[in-house]
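Survey of secondary and tertiary structure
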Amino acid sequence: MKVTIDGFPIEVEAGTTILNAARLIGGDIVPPTMCYYSKLEGTGGKCRTCLVQVSKGSEKDPRPMPKLVASCRTTVMDGMEVKNITSPEVIEARKGVVEMLLINHPLDCPVCDQAGECHLQDLSYEHGAAKTRYEFDRRTFERIDIGDKIQLHMTRCILCYRCVFVADQITDHRVHGILNRGDHSEISTYIQKAVDNDFSGNVIDVCPVGALTDKTFRFRNRVWFTKPVEAHRECENPKCCGKVTLWYKGEDVLRVTARKDEYGEAEAFICNTCRFYKKKTTDWIIEGPRKVSHKSVISANHYDTLKPLPVVKTNPVLIEANKEQFERETRL
Amino acid sequence: MARKLLLEHINVPGINTFDVYRSKGGYAAVEKALKTLTPDEVVEEVKKSGLRGRGGAGFPTGMKWSFLAKPAGVARYLVCNADESEPGTFKDRYLMTYIPHLLIEGMIVASFALGANTSYIYVRGEMMPQIRILEKAIAEAKAKGFLGKNILGTGYDLELYVQPGGGAYICGEETALLESLEGKRGNPRIKPPFPAIAGLYGCPTVVNNVESIAAVVPIINDGGDEYAKIGIGRSTGTKLISAGGNLRKPGVYEIDLGLPVEEFLYSDEYCGGIANGKRLKAVVAGGSSVPILPANLFMKTINNEPRLMSYESLAEGGFVSGTMMGSGGFIAYDEDQCIVRNTWNFARFYHHESCGQCSPCREGTGWMEKVLHRLEYGHGKMSDMDLLVDVSKKIEGNTICPLGDAAAWPVASAIRHFRDEFEWHVTHPHEATTRNFGLAHYADPLPKLEVAAS
């Protein structure tokens with residue numbers, strides 16, 4: 001099937017969603033997502049950040065769709081034409097969604113453990129307004145521990161439902177979900193139960209904001225001060241892929257996460273043993289530094305190859321210092 | 001005197017019992033359909049009738065039935081949406097209370113047409129009296145051989161169940177209803193797939209409103225062509241209107257579609273005019289989710305033609321000067337009513353009833369309600385009106401289900417038509433706070449009724 005997104009044509013299989021067709025093209029025309037997660041069935045359509053305009057339905061029925069549609073849940077038709085960043089209506093709607101999401105998600109990055117990895121931060125930077133017009137009190141919650149390794153801070157939750165889908169599909173049994181409705185909705189465990197099954201840690205990885213955090217890493221460091229390294233091990237759990245990213249500070253592994261693709265989605269889920277209990281370099285077979293997008297704040301001070309810093313004059317001392325720093329970091 | 005198709009026998013004593021209903025010609029449609037027609041012929045009659053869904057959207061019922069997928073070996077379901085809970089709408093409750101067998105007869109005929117062997121009537125949980133009435137009526141019909149195995153010896157089997165809902169407004173949205181019926185949280189599903197392809201338990205399903213299903217009975221009795229002769233244009237047949245507000249005779253009325261609104265509002269056969277001799281200020285024509293219209297725009301279209309009680313006429317002018325038939329929840333406001341308070345009240349309802357799945361509805365309905373609350377209580381700002389319009393635009397059309405639109409339209413239309421009243425709340429905070437106001441406080445009573453034709 002042929003579909004055109006913002007003027008870029010592409011041939012895709014029947015049943016492909018507009019979002020995935022856009023991801024095949026890549027670049028700026030890929031709609032942002034906050035609730036869709038390709039590895040989890042049934043996600044998407046809720047946050048409404050991926051809305052796009054279908055200006056031509058198909059070759060058979062070229063009428064435009066009357067409303068903006070969620071690109072993550074709308075499959076392409078042959079001859080469909082889609083507008084994403086070329087549609088002012090889409091940009092305006094997305095700006096509105098960002099404003100709505102920020103009503104109950106404070107941009108309190110200096111005190112949030114997700115700083116530097118927050119999808120909402122990126123989204124608001126790219127699509128939001130400088131300030132919100134909402135003047136009423138935000139809802140606030142006490143932090144609660146849902147298990148000994150995971151902390152939930154509902155104040156920051158944007159109700160993307162991803163963690164609920166993880167619990168439904170990845171873990172053996174779900175003990176948490178959404179309580180209440182409307183803007184009173186909240187994630188909670190079933191009558192103070194802990195989330196303690198083998199794969200529960202994956203709820204941390206799928207959370208696009210800082211609502212679910214890893215207590216073994218929480219506030220131990222900022223991500224841009226750490227060094228991400230790809231590693232793997234032979235995990236005893238047959239359902240665990242054993243492929244992870246280790247986040248180093250000096251010689252210490254501060255955190256272990258699943259490996260994520262360019263859209264911030266885990267390539268495969270990992271067990272709690274790998275995530276929480278294997279924090280020595282000797283536990284792992286190191287593959288090498290993780291590629292980090294140059295746009296990400298995590299890329300600060302990380303280099304794959306030696307490129308001397310630009311200086312006005314050639315400075316042998318500085319060049320030596322750069323070499324020495326590079327060697328020190330690549331040892332990790 | 002207008003004809004009555006649904007409410008003809010409503011005042012007959014004991015019409016809620018099988019025997020009396022049967023003595024008045026009840027269940028003739030079942031006999032006719034099951035013994036003399038094929039399922040496709042029943043669908044064809046409904047198509048010919050031009051019946052449009054009476055729940056609010058107005059989609060052609062026969063066409064909806066013909067969309068039903070019919071894969072071999074897969075069950076099909078008919079679900080009656082009796083979750084009626086739109087503020088201002090109470091017609092389905094009336095039907096279920098006083099003439100339950102009409103609904104059951106319609107369910108049997110419709111289930112036969114769709115090839116469904118199990119059907120459900122999903123009733124809002126608060127309507128416990130109606131649930132008991134329906135259960136009793138189903139038991140009676142089953143005892144007389146109109147439900148269960150081999151109905152009337154025709155070989156057709158149908159089990160009909162009444163399912164109480166949890167009492168959430170969102171469960172009136174067809175996919176949320178199906179989720180609730182499956183025992184899950186009543187959140188709307190993302191469409192497609194539509195229920196006609198994958199509905200209840202993943203099987204092809206048709207969801208119809210109570211009144212739509214009841215209307216199938218006269219359609220089969222008299223023929224689709226006869227039904228289509230009633231009404232005007234694409235608005236065929238009769239329609240139940242639940243009239244409320246400041247009317248002299250509020251109640252449920254059956255009208256021929258195409259009736260002039262003036263006749264409906266002022267004739268003694270229907271609403272009998274505005275209570276206490278006051279003047280009409282505004283009308284919500286189809287339940288709280290449709291745009292409110294000031295009296296002059298409601299009585300006549302923008303082309304100065306008399307407005308009619310039909311889907312097309314009420315919508316004429318779009319949302320600039322028109323509204324919608326919706327579910328037929330007709331609310332009239334006299335000159336003393338406060339539009340700001342009414343709008344806040346509606347916004348409060350939609351804020352409370354938003355399911356919270358999608359961001360614009362979850363956050364936007366609460367935002368609008370809070371701004372309206374401060375306007376109502378004398379803490380508003382002049383910029384609030386523009387803010388409300390903008391927030392409503394951010395919600396409208398961007399949500400999973402129509403609840404977002406339903407929340408946005410009343411707010412946007414109230415500000416469009418009654419902006420000066422909102423501004424008055426800002427400039428007269430004390431009067432707004434103490435509720436010591438009415439239109440008498442304006443220098444010029446009914447200041448907004450002269451709306452420019454553009």
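This text follows the structure it describes.
Below: a short report on this structure.

What counts, and at which threshold
Within any chain, residue numbers begin from 1 and follow the written order of that chain's sequence. Chain letters and ligand numbers both follow the written order, the letters beginning at A and the numbers at 1. Only residues with pLDDT of at least 70 are given local features in this predicted model, and only at 80 or more are side-chain atom pairs given and counted; all residues enter the totals for whole chains, interfaces and linings. Excluding hydrogens and water, the side-chain figures rest on all heavy atoms present in the structure. Helix and strand definitions follow DSSP, with helices as H or I runs of at least four residues and strands as E runs of at least two, each counted in order from the N terminus. C-alpha atoms define the radius of gyration, and 2.2 Å times the number of residues to the power 0.38 defines the globule rule. Whether a residue is buried, partly exposed or exposed follows from its accessible area with a 1.4 Å probe, protein chains only, as a fraction of its type maximum: under 20%, in between, or over 50%, in that order. Note that accessible areas follow from Shrake-Rupley with a 1.4 Å probe, and for residues the cover is restricted to the protein chains shown. For this count, His and the chain ends are skipped, Lys and Arg are scored as positive, and Asp and Glu as negative. Lysine's charge is taken at NZ, arginine's at CZ, aspartate's at CG and glutamate's at CD. Note on definitions: a residue-residue contact is assigned when non-hydrogen atoms from the two residues lie within 4.5 Å. Note on definitions: buried area is the accessible-area loss of two parts on being combined, 1.4 Å probe, summed for both. The salt bridge definition used is simple: a Lys or Arg side-chain nitrogen within 4 Å of an Asp or Glu carboxyl oxygen. By the criterion applied in these results, polar contacts are pairs of N or O atoms within 3.5 Å in which, for protein atoms, one can donate a hydrogen and the other can accept it, and in which residues neighboring in sequence qualify only through two side-chain atoms. Lys, Arg, Asp and Glu make up the charged group, whereas Ala, Val, Leu, Ile, Met, Phe, Trp, Tyr, Cys and Pro make up the nonpolar group; the residues left over, Gly among them, are polar. DSSP calls a pair of strands paired once it identifies at least 2 bridges connecting them.

Moving on, we get to the overall build of chain A. Scanning chain A for helices and strands turns up 7 helices and 14 strands. Relative to its length of 332 residues, chain A is compact, with a C-alpha radius of gyration of 22 Å against a globular reference of 20 Å. Overall size of chain A, expressed as C-alpha extent along the three principal axes, is 65 × 60 × 45 Å. Of all 332 residues assigned to chain A, the portion counted as buried reaches 53%. Summed over its atoms, the accessible surface of chain A is roughly 16500 Å², and 52% of this surface lies on carbon and sulfur atoms. Between the mean site of the 48 positive side-chain charges and the mean site of the 46 negative ones, chain A shows a separation of 2 Å.

Our focus in this paragraph is the side chain of Glu211 of chain B. Tracing the backbone through its elements, the reader meets Glu211 of chain B in helix 9 (residues 210-222). In contact with Glu211 of chain B, not counting residues within four places along its chain, are Leu6, Arg54, Lys91, Asp92, Leu95, Thr238, Lys239 and Leu240 of chain B.

Attention now moves to the environment of Glu179 of chain B. Residue and element names in this part refer to chain B. For Glu179, the position within the fold is in helix 8 (residues 174-181). Sequence separation between Glu179 and Tyr201 is 22 residues; the distance between their C-alpha atoms is 8.8 Å. Contact partners of Glu179, with chain neighbours within four places excluded, come to Lys184, Arg185, Gly186, Asn187 and Arg189.

If you look at the interface, chain A gives 33 residues, while chain B gives 33 residues. Between chain A and chain B, roughly 2800 Å² of surface is buried when both sides are summed, and carbon and sulfur atoms account for 51% of that area. Taken as a group, Met100, Arg133 and Arg181 of chain A account for 26% of the area that chain A buries against chain B, more than any other trio of residues on that side. Our count for the contact surface shared by chain A and chain B stands at 6 salt bridges. Between Lys381 of chain B and Glu135 of chain A there is a salt bridge, with its nearest N and O atoms 2.5 Å apart. In this structure, the connection of chain A to chain B is made through 19 residue pairs in polar contact (both at pLDDT 80 or more). Taken together, the elements giving at least two residues each to the side of chain A that touches chain B come down to helix 2 (88-103) and strand 8 (176-179) of chain A. The leading source of residues in the side of chain A that touches chain B is helix 2 of chain A, at 8 residues. A class-by-class count of the residues in the side of chain A that touches chain B yields 15 nonpolar, 8 polar and 10 charged.

Right, let's talk about the pairing of strand 4 (residues 205-209) of chain B for a bit. All names here are of chain B. Counting buried residues in strand 4 gives 5 out of 5 residues, a clear majority hidden from the surface. Side-chain alternation along strand 4 places Thr205, Val207 and Asn209 on one buried face and Val206 and Asn208 on a second face that is also buried. Here strand 1 (residues 77-82) pairs with strand 4 via 5 bridges, running parallel. Considered in strand 4, the bridge of Val79 is made with Val207.

Take the pairing of strand 2 (residues 118-123) of chain B next. All names here are of chain B. Buried residues dominate strand 2, accounting for 5 of its 6 residues. Note that strand 1 and strand 2 share 6 bridges and pair parallel. The partner of Cys80 across the bridge, within strand 2, is Ile121. Summarising the sheet, strand 2 and strand 3 (residues 159-164) pair through 6 bridges and their orientation is parallel. What sits directly across from Val123, in strand 3, is Pro164.

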